[in-house]
Amino acid sequence: MKRAFLLTALCLGLAGPAFAAVGAELPGYQVVVDLTNRASLQRGAKYFMNYCLGCHSVKYSRYSRIGEDLGLDMEMVKDNLIFTGQRVSERMEIAMAPDEAERWFGASPPDLSMIARQKGATYIYQYLMTFYADEDRPWGVNNWRFPYTTMPHVLWREQGLQRAEWKDAENGNGDKKKVIEGLTLESPGLKTPEEYQQLVVDLTSFLVYVSEPARLTRERVGTWVLFFLLVLGGFAYFLKREYWQDIH
Ligand code: HEC
């Protein structure tokens, strides 16, 4: 018991600083992902192919499976989702070599198959919502959720450019430093803030879906399994009563 306690404490102790190193949680930015909303997932898939697949693979997913799960026939998949000249049966890979990517960006764009399971939907949503102008960064932008990220703000035309509002804060040692208080939209993009937010919700939902494609089926089947167990339980109960009634 004591050993288990110590082990847990040790793990938490070790994990704590690792979590702390990732940017702050941003309470003002929350997302609700609804995997039953097919229209949203379809839009998310399309945005992903347009804006993200140039750099990020989703190498465990095939176009055909995505089409099937999201209710698109193969012609629609070919016409609307594949911009890379690949076949529908192929996996969603990218042409860029990892070492080249690293030379261009300083960090290789990760495969996003598991990102939603690894970091959560809220993280992805906050990351895509909180790019802001920063002249000191190579791409002219920084990120509130993931400070000093090497990813450019690929959706800047849609969102426009945000500027950070700073305030003074003190850390535990009494040192003063500047922290971000909020972001304001300085030059609007092609989309209104509401439209842009919806775009990010769609993209986030799509990434949650690809991180576990079976979840759509599992949840549907799961309801039936529970219903079946309930009915079976009822039968079993009456059967038991029937068997035992002569014994008491
Ligand atoms: C021009 C190339 C490029 C494009 C296009 C691009 N990204 Fe990235 N992305 C990167 C790079 C580089 C990184 C690695 C950032 C780092 O580690 O500093 C990254 C990292 C990420 C991460 C992981 C962040 C983390 O915490 O590790 C997510 C999530 C992400 N991108 C989502 C997207 C989405 C969604 C799109 C499409 C809207 C997109 N990216 C388009 C280059 C790109």
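Here the structure is a predicted model, which means the values were calculated and not measured.

Conventions and cut-offs
Sequence order sets the numbering: in each chain, residues are counted from 1 along the sequence as written. Two thresholds apply to this predicted model, a pLDDT of at least 70 for residue-level local features and 80 or more for giving and counting side-chain atom pairs, whereas whole-chain, interface and lining totals are computed over all residues. Hydrogens and waters are ignored; side-chain quantities use all the structure's heavy atoms. Secondary structure counts use DSSP, requiring at least four H or I residues in a row for a helix and at least two E residues in a row for a strand, with both numbered from the N terminus. Buried residues are those whose accessible area, probed at 1.4 Å on protein chains only, stays under 20% of the maximum for their type, while exposed residues exceed 50% and partly exposed ones sit between those limits. By definition in these notes, contact holds between two residues if any of their heavy atoms fall within 4.5 Å. We get accessible surface area from the Shrake-Rupley algorithm with a probe of 1.4 Å; when it comes to residues, only the shown protein chains can shield them. Grid spacing is 1 Å over the protein atoms alone, the probe is 1.4 Å, and a cavity is where that probe fits but cannot get out, while a pocket is an open set with protein on both sides within 12 Å along at least five of seven lines and lining residues have an atom within 4 Å of a point. Grid points are joined across faces, edges and corners, and a volume is the space filled by probe spheres set on the points. The residue classification treats Ala, Val, Leu, Ile, Met, Phe, Trp, Tyr, Cys and Pro as nonpolar and Asp, Glu, Lys and Arg as charged. All others, Gly included, are polar. All axes are obtained by fitting lines to C-alpha atoms, using only the stretch in contact for helices, and the reported angles, taken between N-to-C directions, cover 0 to 180 degrees. Roughly parallel here means an angle under 35 degrees, roughly antiparallel means over 145, roughly perpendicular means 65 to 115, and every remaining angle is called oblique. Working definition: residue near molecule or strand if any one of its non-hydrogen atoms lies within 4 Å of it. Under the rule applied, a polar contact is a pair of N or O atoms within 3.5 Å (in protein, one hydrogen donor and one hydrogen acceptor; residues adjacent in sequence only if both atoms are side-chain atoms). Pocket occupancy is defined atom-wise: a molecule lies in a cavity or pocket when more than half of its atoms are within 2 Å of its grid points. Whenever a carboxyl oxygen of Asp or Glu lies within 4 Å of a side-chain nitrogen of Lys or Arg, that contact is scored as a salt bridge. Strand pairing is defined by DSSP finding a minimum of two bridges between the two strands. Residues belong to one nonpolar core when they are buried, are Ala, Val, Leu, Ile, Met, Phe, Trp, Tyr or Cys, and are joined through side-chain atoms within 4.5 Å.

A closer look at the overall build of the protein chain
Each helix and strand in the protein chain was counted, giving 10 helices and six strands. Looking at the protein chain residue by residue over its 248 residues, the buried ones come to 34%. Expressed as a percentage of contacts within the protein chain between residues at least 6 apart in sequence, the contacts between residues at least 24 apart total 66%. Of the roughly 16100 Å² of accessible surface on the protein chain, a fraction of 59% belongs to carbon and sulfur atoms.

Some thoughts on the layout of surface pockets
Quantified by volume, the largest pocket comes out at close to 560 Å³. Along its surface, the largest pocket is lined by 27 residues, and His56, Pro110, Leu112, Tyr127 and Met151 are the ones closest to its centre. Looking at the lining of the largest pocket, the elements with two or more residues in it are helix H2 (38–52), helix H6 (115–119), helix H7 (121–129) and helix H9 (193–211). For the lining of the largest pocket, the element with the most residues is H7, which contributes four residues. Among the residues forming the lining of the largest pocket, the class breakdown is 21 nonpolar, five polar and one charged.

Observations concerning the packing of H2 against H9
It is the contact of H2 with H9, at a shortest axis distance of 7 Å, that shows an interaxial angle of 95°. On the basis of their axis angle, the class for H2 and H9 is roughly perpendicular. On H9, the residues touching Ser40, Leu41, Arg43, Gly44, Ala45, Tyr47, Phe48, Met49 and Cys52 of H2 are Gln198, Leu199, Asp202, Leu203, Ser205, Phe206, Leu207 and Tyr209. When the residues that make up the contact of H2 with H9 are grouped by side-chain class, the tally is 11 nonpolar, four polar and two charged.

As for the site of the ligand
Around the ligand there are 22 residues in total, and Cys52, Cys55, His56, Tyr123 and Met151 lie nearest to it. Between the ligand and the protein, one listed contact pairs an oxygen atom with a side-chain N or O atom of Tyr123 at 2.4 Å. Thr149 is positioned with one of its side-chain polar atoms (N or O) 3.5 Å from an oxygen atom of the ligand. Placement of the ligand is best described as lying within the largest pocket.

Some details on unusual backbone geometry
At Tyr148, a position not held by glycine, the phi torsion is positive, near 65°. In this structure, Tyr148 sits in the loop between strand E4 (141–143) and helix H8 (156–159).

Some details on the pattern of salt bridges
Under the definition given, this model contains eight salt bridges. The shortest N-O distance in the salt bridge between Glu212 and Arg218 comes to 2.4 Å. Salt bridges here are not isolated pairs; linked through shared partners, they connect Glu135, Arg163 and Glu186.

Some words on the pairing of strand E6 (residues 176–188)
As paired elements, strand E5 (residues 160–170) and E6 share 11 bridges and run antiparallel to each other. Paired with Gly160 across the two strands is Pro188, which belongs to E6.

Focus: the nonpolar core
Counting 49 residues, the largest nonpolar core has Phe48, Ile66, Met92, Leu203, Phe206 and Tyr209 as the members making the most contacts within it. For this core, the secondary structure elements donating two or more residues are H2, helix H3 (63–69), H6, H7, strand E3 (131–133), E6 and H9. By residue number, the principal contributor to this core is H9, which donates 10 residues. Apart from residues no more than four positions distant in its own chain, Tyr209 is found in contact with Leu35, Leu41, Arg65, Ile66, Asp69, Leu70 and Leu216.

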